[in-house]
Amino acid sequence: MIEIPSDLHKDLVPLAFLLGSWAGAGVHDFPGAEKCNFGQEVTFTHDGRDFLEYHSRTWVLDQDGNKVRPLETESGFWRVDAGRKVEVVMTRDDGVVEVWYGELAKQKPQIDLVTDAVARTAASGPYTGGKRLYGYVNSDLMWVGEKATPEVELRPYMSAHLKKVVTPEDVERWAKALPDDMPDDGIAFFK
């Protein structure tokens, strides 16, 4: 279920499907790097202004699904204009800052992004650009990232399947929204 907060900036309504906290797992595979499964936590929040704040943490998982060590952290800001054009400014812990541009698909919650600018510190690894696809599929958030370096052509390197995290505040809000005439046995509700 996609909820649109009453205090969400009107320009961000097309991105409302991203709002909230998400958690799940994915696969990381790129030449020259360790191939692994990873866990991920992502949050998209807003404060009433015309952008979403984004934060993502990933960590390597062992074969039993336990956290081994941090993999990657990124944060940024997402905007969308009246023409459904999306822009993202993102900073990663490895010393990379990116500007992404893309488009929100028509009549479905899907975003295609491509890097427009990449800035790297001396400590960061080689990186020339990327693509990302985000989609809201059956109430889950799924994404795939592609990456290019001077030595490796653009290719997929990370993808994940994330579920919405339900907080106690969500449960309380939903409980308050239930009608007063709910049947006690719960069965009548489905008749």
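Trainee: Before we move on, could you go through the overall build of the protein and cite the residues and values that matter?
Mentor: What the protein contains, in helices and strands, is one helix and ten strands. Counting helices and strands in the order they occur from the N terminus, the protein gives β-β-β-β-β-β-β-β-β-β-α. Sorting the 191 residues of the protein into buried and exposed places 34% on the buried side. In the protein, the share of contacts with a sequence separation of at least 24, taken over all contacts with a separation of at least 6, comes to 39%. For the protein, the computed accessible surface area is about 11,300 Å², with 54% contributed by carbon and sulfur atoms.

Trainee: Could you give me a rundown of the environment of D29, with the residues and numbers involved?
Mentor: Counting through the fold element by element, D29 comes out in the loop between strand 1 (20-28) and strand 2 (36-45). Residue D29 is classed as partly exposed on the basis of its relative accessible area, which comes to 28%. Along the primary structure D29 and Y157 are separated by 128 residues, whereas in three dimensions their C-alpha atoms are 4.9 Å apart.

Trainee: Just give me the short version of the confidence of the model for the protein, but keep the residues and values in it.
Mentor: In the predicted model, the protein carries a mean pLDDT of 90, and the fraction of residues at 70 or more is 89%. The least confident element of the protein, judged by mean pLDDT, is helix 1 (residues 168-177) at 69; the most confident is strand 5 (residues 85-92) at 98.

Trainee: Any details on the sheet that holds strand 7 (residues 110-120)? Residues and values, ideally.
Mentor: Ordered by their spatial adjacency, ten strands build a closed barrel running 1-2-3-4-5-6-7-8-9-10, and the pairing between neighbours is antiparallel. Going from strand to strand, the sheet's axes swing by 25° on average, the running direction of each strand aside. Both strand 2 and strand 3 (residues 52-61) contribute to a ladder of nine bridges, which runs antiparallel. Along strand 3, the bridge assignment pairs E41 with R57.

Trainee: For the layout of surface pockets, give the residues involved together with the corresponding values.
Mentor: What the second largest pocket holds in volume is close to 270 Å³. Here the lining of the second largest pocket is built from residues that sort into eight nonpolar, five polar and five charged.

Trainee: Explain the pairing of strand 8 (residues 129-137) to me, and be specific about the residues and the numbers.
Mentor: Summarising the sheet, strand 7 and strand 8 pair through five bridges and their orientation is antiparallel. Paired with V114 across the two strands is K131, which belongs to strand 8. Relative to strand 9 (residues 140-148), strand 8 runs antiparallel, the two sharing nine bridges. By the bridge assignment for strand 9, G130 is matched with K147.

Trainee: Would you mind going over the pattern of salt bridges in detail, with residue names and values included?
Mentor: Side-chain pairs of opposite charge can arise whenever the charged atoms involved come near each other. Following the criterion strictly, the structure yields twelve salt bridges and no others. Across the pair D11 and K10 runs a salt bridge, and its minimum N-O distance is 3.2 Å. You can call D11 partly exposed: its relative accessible area is 31%. Through salt bridges with shared partners, a single network forms among E72, R92, D94 and E98.

Trainee: A description of the environment of W78 should follow, citing residues and the corresponding values.
Mentor: For W78, the location among the structural elements is in strand 4 (residues 67-80). Under the relative-accessibility criterion, W78 is labelled buried at 0%. As for W78 and Y54, which are separated by 24 residues in sequence, their C-alpha atoms are 7.3 Å apart.

Trainee: Would you mind going over the nonpolar core in detail, with residue names and values included?
Mentor: Judged by nonpolar contacts, the single largest core of 34 residues is most densely connected at L15, L18, F44, L52, W78, V86 and I111. Ranked by residues supplied to this core, first place goes to strand 10 (residues 155-164) with four residues. Residues within four places of I111 in sequence aside, it is in contact with L15, F17, L18, W78, V86, E103, L104, R132, L133 and Y134.

Thresholds, definitions, all that
Residue numbers run consecutively from 1 along every chain, following the written order of its sequence. Predicted model: local features are reported for residues with pLDDT of at least 70 only, side-chain atom pairs are reported and counted for 80 or more only, and whole-chain, interface and lining totals are derived from all residues. Processing note: side-chain calculations cover all non-hydrogen atoms of the structure and skip hydrogens and water entirely. Only DSSP runs of H or I with at least four residues qualify as helices, and only runs of E with at least two residues qualify as strands; both kinds are numbered from the N terminus onward. Burial here depends on accessible area, computed with a 1.4 Å probe over protein chains only, as a share of the maximum for the residue type. Under 20% is buried, over 50% is exposed, and the range in between is partly exposed. We call two residues contacting when some pair of their heavy atoms lies within 4.5 Å. Surface exposure here means Shrake-Rupley accessible area, sampled with a 1.4 Å probe, where a residue is shielded only by the protein chains that are shown. pLDDT measures the predictor's confidence residue by residue and takes values from 0 up to 100. The pairing criterion for strands is at least two bridges between them, as found by DSSP. For helices, the axis comes from a line fit to the C-alpha atoms of the stretch in contact; other axes are also lines fit to C-alpha atoms, and the angle between any two N-to-C directions lies between 0 and 180 degrees. A cavity here means a set of points on a 1 Å grid, drawn over the protein atoms and nothing else, where a 1.4 Å probe fits but cannot get out; a pocket is an open set with protein on both sides within 12 Å along at least five of seven lines, and a residue lines either one if it has an atom within 4 Å of a point. Grid points are joined across faces, edges and corners, and a volume is the space filled by probe spheres set on the points. Here the term charged refers only to Asp, Glu, Lys and Arg, the term nonpolar to Ala, Val, Leu, Ile, Met, Phe, Trp, Tyr, Cys and Pro, and the term polar to all other amino acids, Gly among them. Counted as salt bridges are all cases of a side-chain nitrogen of Lys or Arg within 4 Å of a carboxyl oxygen of Asp or Glu. Think of a nonpolar core as a cluster: buried Ala, Val, Leu, Ile, Met, Phe, Trp, Tyr and Cys residues, connected wherever their side-chain atoms sit within 4.5 Å.

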